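A closer look at the structure
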Amino acid sequence: MLAKTFGALADPTRLAIVSRLSRGDATMGELAEPHRITPPAITKHVGVLVDAGLVRRRRVGRTVVCTLRPEALSEVEQWLGDLTTYWNSTVDRLEELLRGDDDGR
């Protein structure tokens, strides 16, 4: 699922859409406005985000409202946390070696 999430977020327009939705729900028109793209283009971008599980669409009358699914980013958060832990321990170990604090590990 990480690959699908990162693939969806790799596009600058989709990343901007997710950023906008982090501040609250928005209609398709509101999402399209800052990008000056056509309705079919915004529909395609939002569709990629929906397929990746990052966004949910719902109809309110004749309007389509989009909502960010923050729980979908929990896998990314976990992955980044694991990576951060790894690099922090690696840097700590390097610092020990450079200071000569090597205890034979």
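Residues numbered from 1 in each chain as written. Predicted model: local features only at pLDDT ≥ 70, side-chain atom pairs only at ≥ 80, totals over all residues. Heavy atoms only, no water.

- The name recorded for the protein chain in an unreviewed UniProt entry is ArsR family transcriptional regulator, from Kribbella pratensis.

1. What to know about helix α4 (residues 39-51)
- Helix length check: α4, at 13 residues, gives a terminal C-alpha distance of 18 Å against a target of 18 Å (1.5 Å per residue), a fit within 8%.
- The set of residues buried in α4 consists of Ile42, His45, Val46, Gly47 and Leu49.
- Buried residues along α4 sit in contact with α1 (2-9), α2 (12-21), α3 (28-32), β2 (55-60) and β3 (63-68).
- Gly53 sits one or two residues past α4 and shows a positive phi near 80°. (Helix = DSSP H or I, 4+ residues; strand = E, 2+ residues; numbered from the N terminus. Expected span 1.5 Å × (residues − 1). Buried < 20%, exposed > 50% of the residue type's maximum accessible area, 1.4 Å probe, protein only. Contact = heavy atoms within 4.5 Å.)

2. Quick notes on the packing of aromatic side chains
- The final tally for this structure, using the stated rule, is two aromatic pairs.
- Judged by centre distance (5.5 Å) and plane angle (65°), the ring pair of Phe6 and Trp79 falls under edge-to-face. Placement of the pair is Phe6 in helix α1 and Trp79 in helix α5 (residues 74-99), with a sequence separation of 73 residues.
- Each ring, one from Tyr86 and one from Trp87, has its centre 5.0 Å from the other, and the planes form 75°; the classification is edge-to-face. (Phe/Tyr/Trp six-rings, centres within 6.5 Å; stacked < 30°, edge-to-face > 60°.)

3. Regarding the nonpolar core
- Counting residues in each nonpolar core, the largest one holds 18 residues, and the members touching the most others are Leu21, Leu31, Val46 and Leu54.
- When contributions to this core are tallied by element, the ones reaching two or more residues are α1, α2, α3, α4 and β3.
- Setting aside residues no more than four positions away along its own chain, Val46 makes contact with Ile17, Met28, Leu31, Val55, Arg57 and Cys66. (Core = buried A, V, L, I, M, F, W, Y, C linked by side-chain atoms within 4.5 Å.)

4. Comments concerning the side chain of Thr5
- Relative to the elements of secondary structure, Thr5 occurs in helix α1.
- Dropping the residues within four chain positions of it, Thr5 is found in contact with Ala52, Leu54, Leu73 and Val76.

5. Section: the packing of α1 against α5
- Interhelical geometry of α1 versus α5 gives an angle of 100° and a closest axis separation of 10 Å. Taken together, the axes of α1 and α5 lie roughly perpendicular to each other. Residue-level inspection shows Leu2, Thr5 and Phe6 of α1 in contact with α5, the latter providing Glu75, Val76 and Trp79.
- Its residues assigned to classes, the contact of α1 with α5 comprises four nonpolar, one polar and one charged. (Axes fitted to C-alpha atoms, helices over the stretch in contact; angles between N-to-C directions. Parallel < 35°, antiparallel > 145°, perpendicular 65-115°, else oblique. Nonpolar A, V, L, I, M, F, W, Y, C, P; charged D, E, K, R; others polar.)

6. Concerning the sheet that holds β3
- What the three strands build is an open sheet, ordered β1-β3-β2; its pairing is antiparallel. The open sheet has two edge strands with one neighbour each: β1 (26-27) and β2.
- Bridging between β1 and β3 involves two bridges; their strand directions are antiparallel. Within the sheet, the bridge partner assigned to Ala26 lies in β3 and is Cys66.
- Contacts from α2 reach β1, β2 and β3, with the element oriented near 85° to β3. (Pairing = 2+ DSSP bridges.)

7. Concerning the pattern of salt bridges
- Scanning the model with the defined rule gives three salt bridges in all.
- Here Glu71 ties to Arg69 by a salt bridge, and the two come within 3.1 Å at their closest N and O atoms.
- Exposure remark for Glu71: the relative accessible area of 44% places this residue in the partly exposed category.
- The salt bridge involving Arg93 is made with Glu96; its shortest N-O contact spans 3.6 Å. (Salt bridge = Lys/Arg side-chain N within 4 Å of Asp/Glu carboxyl O.)

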